[in-house]
Amino acid sequence: MDPQSAQLQQAQLAMALGPDPSHFETLISHLMSSSNELRSQAESLFNLAKQTDPNSLSLKLAHLLHGCPHVELRAMSAILLRKLLTRDDSYIYPRLTPHTQSSLKSILLTSIQREEAKTITKKLCDTVSELASGILPDNGWPELLPFMFQCVSSDAPKLQEAAFLIFAQLAQYIGDSLTPYIKELHGVFLQCLSSSKNPDVKIAALNAVINFIQCLSNSSDRDRFQDLLPVMMHTLTEALNNGNEATAQEALELLIELAGTEPRFLRRQLVEVVGSMLQIAEAESLEEGTRHLAIEFVITLAEARERAPGMMRKLPQFISRLFAILMKMLLDIEDDPIWHSAESEDEDAGESSNYSVGQECLDRLSISLGGNTIIPVASEQLPAYLAAPEWEKHHAALIAIAQIAEGCSKVMIKNLERVVSMVLSSFQDPHPRVRWAAINAVGQLSTDLGPDLQEQYHQQVLPALAGAMDDFQNPRVQAHAASAILNFSENCTAAILMPYLDGIVSKLLVLLQNGKQMVQEGALTALASVADSSQEQFQKYYDAVMPYLKNILVNATDKSNRMLRAKAMECISLVGMAVGKEKFRDDAIQVMDVLMALQRSQLETDDPTTSYMLQAWARLCKCLGQDFLPYMKVVMPPLLQSAQLKPDVTITSADSDNDIDESDDEGMETITLGDKRIGIKTSVLEEKATACNMLCCYADELKEGFFPWIEQVAPTLVPLLKFYFHEDVRKAAVSAMPELLRSAKLAVERGLAQGHNETYVKQLSDYIIPALVEAIPKEPDTEICASMLDALNECLQISGPLLDENQVRSIVKEIKQVITASSSRKRERAERAKAEDFDAEEGELLKEENEAEEEVFEQVGEILGTMVKTFKASFLPFFDELSSYLTPMWGKDKTAEERRIAICIFDDVAEQCRETALKYYDTYLPFLLEACNDENPDVRQAAVYGLGVCAEFGSSVFKPLVGEALSRLNVVIRDPNALQPDNVMAYDNAVSALGKICQYHRDSIDSSQVVPAWLNCLPIKGDVIEAKVVHDMLCSMVERSDRELLGPNNQYLPKIITVFAEVLCGKDLATEQTANRMISLLRQLQQTLPPSALASTWSSLQPQQQLALQSILSS
């Protein structure tokens, strides 16, 4: 800014902050101006005042708030003051003089007393709360709480309401500062809720109570408020009795918040509270909005699993009432003629908001309470609906079956016969909407109860769907039957589909030529899915199907046909992948020409073609492999553009009146974070996720051929490891990391890296690995966290040797964090298991959550294994740092999987670091020996494998333990069930360990007993990796004519020949080199053994072994 303008601005500022208040009022009104120029001038002046004279500015705002006659200026000054007093970049309070600070505080409090306009009082309360939350904890506003208690006990409703508004916010921001006043607050809340006549005051008090209960961390403190629950509920019922539904709805929203965050607070009076809510939900005289909120309250309680596990399952009579209410809501549907015309947009024609709420809540209720609670209720209520004459009742029952399937899947699978027959009998119903609902249920059940449904009922379900595709009078029913074929085949093997393919494909081809676009689209999706499930079996239909598909792709060019063309693309690419490159190649070239032309044309932003095209290109690449490379320069630019889309986000304050209007844009999803409401456009996120997935596909498929694109793709995807708006975007970015590194490494190794060398791989690795490491502890989803660890492990396998010490240190640091976070999540779950209502179903769910946790620890074990293999002994200082995190995992209180992983980590260290790892034997060998006889076969396998490693590399340190090791191995080997499928891996590894003891510690054992006992266990066939080791060892012992192995007078030779024969005739039981050595040993034995001995050995072999050996030895 030039000196002249700066001078002018200073002069304007002096006027605005001068004695004449009108100048300051003008400045504030300009801040609200619709003229951009006026507004931006006022903003720069205001910011200058904030920097140079915060004292005058804040006092001017306060006086304006106190005495200005214009409501909008008072409102604006309350907002501006609040912003200045918010603890962020513009926080000015610490810069104010003590005099200004105290004036400001007293003006704010007198303004609350004087202000008449309700909207401004609310804003004032926000400002006071904001300031208090910063200074009250350090006793910076001793007058505030006495003032609030005074307001509450005054007889002015507006002051009472203001005090409660401030209490509510302070409880949220700095609840600890209010806890010392718990007794006084309890009295104040009780007094107001039981005797105030003013509904606004009651709602404000209710809000304050609920926030205060939530801020109490101690359950006995919360219990002191139990006696308020009846008067809290009375606020709601009183509002309803007075016909004041707006107040009732506010009360319900507050109680829903309490149900979600502190459900156990309601536990002692659960019967009364839930009973009242169901009464509201049943009262048809009330507004729908009120009834829906009462239902939301009960569902929220059912969903509060983490905080009150099992609590709602203890109230079966209520579940039955709620189910009946939801079923009744499903009857609120009309037979709208538009539905029958089958234009795709009108699928929900005739459905009311009651219907939608009923549908959504049945789904949520069954997911939260599970099948054991819901199925008995459904079995009791649905038959009457199915037997009634009205179509609406049949329809409701079928919709309900579809909605509860996900949550009740385990129980429904046990009663499949009954479920399937209930649904299939409705395929013949006279009303098309009922038939549609039956098909809809089959589709949903195929997804939720698959693959059991497909395996057991294909002969009933597929013919029924095929029949429904012939319903030419009702195109919507036909289209839905085709869509259900998609659901059915997604969970289905080619073998099940095979006998039905002729009929299904020919019907779908008929539908493809139907005049209704919706039917054609359904047929395309079904064909695509059937091809995808039947793979090369689809080849026989290819010549019949492909011309139709290409015809749609080329000719469906109208705007109204965009979706049809998009689905044709999807179908062609899936059919191509199913039948393979040879069959598809010629058509593929034509199809890609059409796609290239489409890509060059300017598609509209809402055209579904874009997203479908991204996926079709990637499938074509998977089908054609390296032949696809010439097309990459066409495919990549738009794909990168989609992957780089910025999320379309709108942020408003959560309590603002200009809510993001969800109704005017279907594609908006809103989430509330703190005091902000965030709206996100979902279509943008979905396109971005698709694009990121496709980038990952190309890197995976093209390997080194993808190299030219890494420069652009890496900086696009790496930042998306922390893209918290959409988990599919993160998942795709995670999967791509190792693919990019692998592509670069292969390109450098094969000389295709455009002149780059290993330095390039190191740079890429230095970019990718630290980003992954940093994203892991911040990842909120346990499953994605496990995928990130898995991706990190793959990256380390590719470029581990290029890491420097600091990078290794940071990986180890994150591993510690991951283990700690995982342990604390498990501790929280263990706490949940102590809850009073915890039951078997909660136990099941807990087990599933803990299994996801084990996946995380397994990946940690894999990473440590990779690091040990890569860095050998130089990794040991880091291993020492981690030992305090890993040793607890050997404990008896840990799960079998945790113990197994901990043992595997030690096995890796012992095997890779050999003599430098001997110092750990004292600590770990006692654990290892004990684990050899663990009841879990996977733990046994890891432990006996470790014993073998220690026998091989442990030299004198292992020697004193040989006796105990033998007896532990003996228990595993002699177990009568040792060769059962579950146990055979542990058995094979025990045999291998026994062999190593024979080889490396012969002087410490009774070899004339132990060596023949080992030979008797051979060959081993379960663990092919160990089999190769063991059979090679046997070969070496025979080659050096091991005395104990051959036995007195070579008496064990026949057994040795039998073992060789079994190994040579078996699959993959020896390396090629070992097999050749065995063959030459057998040839020598043919020459040296007396014919009688040879003949008796030969006769002990099975006939096919004799033949195989003869042909091997004679060749």
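Residues numbered from 1 in each chain as written. Predicted model: local features only at pLDDT ≥ 70, side-chain atom pairs only at ≥ 80, totals over all residues. Heavy atoms only, no water.

Asker: When you look at a negative patch on the surface in this model, what are you seeing that I'm missing?
Answerer: A cluster of acidic side chains, namely Glu783, Asp790, Glu855 and Glu862, defines a negative patch on the protein surface. Breaking the negative patch down by element, the ones donating at least two residues are helix H39 (782-799) and helix H41 (840-871). Examined against the element boundaries, glutamate 783 turns out to sit in helix H39. For glutamate 783, a relative accessible area of 58% puts it in the exposed group. (Patch = residues over 30% accessible without salt bridge, like charges linked within 9 Å, V, L, I, M, F, W, Y side chains within 5 Å. Areas by Shrake-Rupley, 256 points an atom, 1.4 Å probe, with all protein chains shown as cover. Salt bridge = Lys/Arg side-chain N within 4 Å of Asp/Glu carboxyl O. Lys, Arg positive; Asp, Glu negative; His and termini not counted. Charge placed at Lys NZ, Arg CZ, Asp CG, Glu CD. Helix = DSSP H or I, 4+ residues; strand = E, 2+ residues; numbered from the N terminus. Buried < 20%, exposed > 50% of the residue type's maximum accessible area, 1.4 Å probe, protein only.)

Asker: I tried to follow the packing of aromatic side chains on my own but got confused; where do I start?
Answerer: Geometry of an aromatic ring pair is reported as the spacing of the ring centres plus the angle between the planes. Under the definition given, this model contains 23 aromatic pairs. Geometrically, the ring pair formed by phenylalanine 212 and phenylalanine 225 is edge-to-face, given 5.5 Å between the ring centres and 65° between the ring planes. In this pair, phenylalanine 212 sits in helix H11 (residues 199-215) while phenylalanine 225 sits in the loop between helix H12 (219-223) and helix H13 (229-241), placing the two residues 13 residues apart along the sequence. Summarising the burial analysis for this pair, phenylalanine 212 and phenylalanine 225 share the class buried. Between the aromatic rings of tryptophan 339 and tryptophan 436, the centroid separation amounts to 6.3 Å while the plane-to-plane angle is 80°, which identifies the pairing as edge-to-face. (Phe/Tyr/Trp six-rings, centres within 6.5 Å; stacked < 30°, edge-to-face > 60°.)

Asker: Help me understand the confidence of the model for the chain, please; the structure alone is not making it clear to me.
Answerer: In regions of low pLDDT, the predicted coordinates are not meant to be interpreted in detail. For the chain, per-residue confidence averages 91 on the pLDDT scale, and 98% of positions sit at 70 or higher. At the low end of the mean pLDDT range in the chain sits strand E2 (residues 668-673), at 68; at the high end sits helix H21 (residues 391-404), at 97. Note that pLDDT drops below 50 for residues 657-664; the model gives that stretch 10 contacts with residues more than four away or on any other chain. (pLDDT = per-residue confidence, 0-100. Contact = heavy atoms within 4.5 Å.)

Asker: Can you walk me through the environment of glutamine 1102 in this structure?
Answerer: The residue glutamine 1102 is located in the loop between helix H54 (1091-1099) and helix H55 (1103-1114) in this model. Classification of glutamine 1102 as partly exposed rests on a relative accessible area of 43%. In the structure, glutamine 1102 is positioned 41 residues away from alanine 1061 in sequence and 9.8 Å away in space, judged by C-alpha atoms.

Asker: Quick question: what am I supposed to make of the packing of helix H19 (residues 353-369) against H21 here?
Answerer: Any two packed helices are characterised by how steeply their axes cross, that is the angle between the axes, and by the distance between the axes. Axis separation between H19 and H21 bottoms out at 8 Å; the angle between their running directions is 40°. One way to sum up the angle between H19 and H21 is to call them oblique. The interaxial crossing formed by H19 with H21 has right-handed handedness. In this structure, H19 uses Tyr355, Gln359, Glu360, Leu362, Asp363 and Ser366 to contact H21, whose residues at the interface are His395, Ile399, Ala400, Gln403 and Ile404. Taken together, the residues that form the contact of H19 with H21 break down as five nonpolar, four polar and two charged. (Axes fitted to C-alpha atoms, helices over the stretch in contact; angles between N-to-C directions. Parallel < 35°, antiparallel > 145°, perpendicular 65-115°, else oblique. Left-handed = near helix turned anticlockwise from the far one by under 90°. Nonpolar A, V, L, I, M, F, W, Y, C, P; charged D, E, K, R; others polar.)

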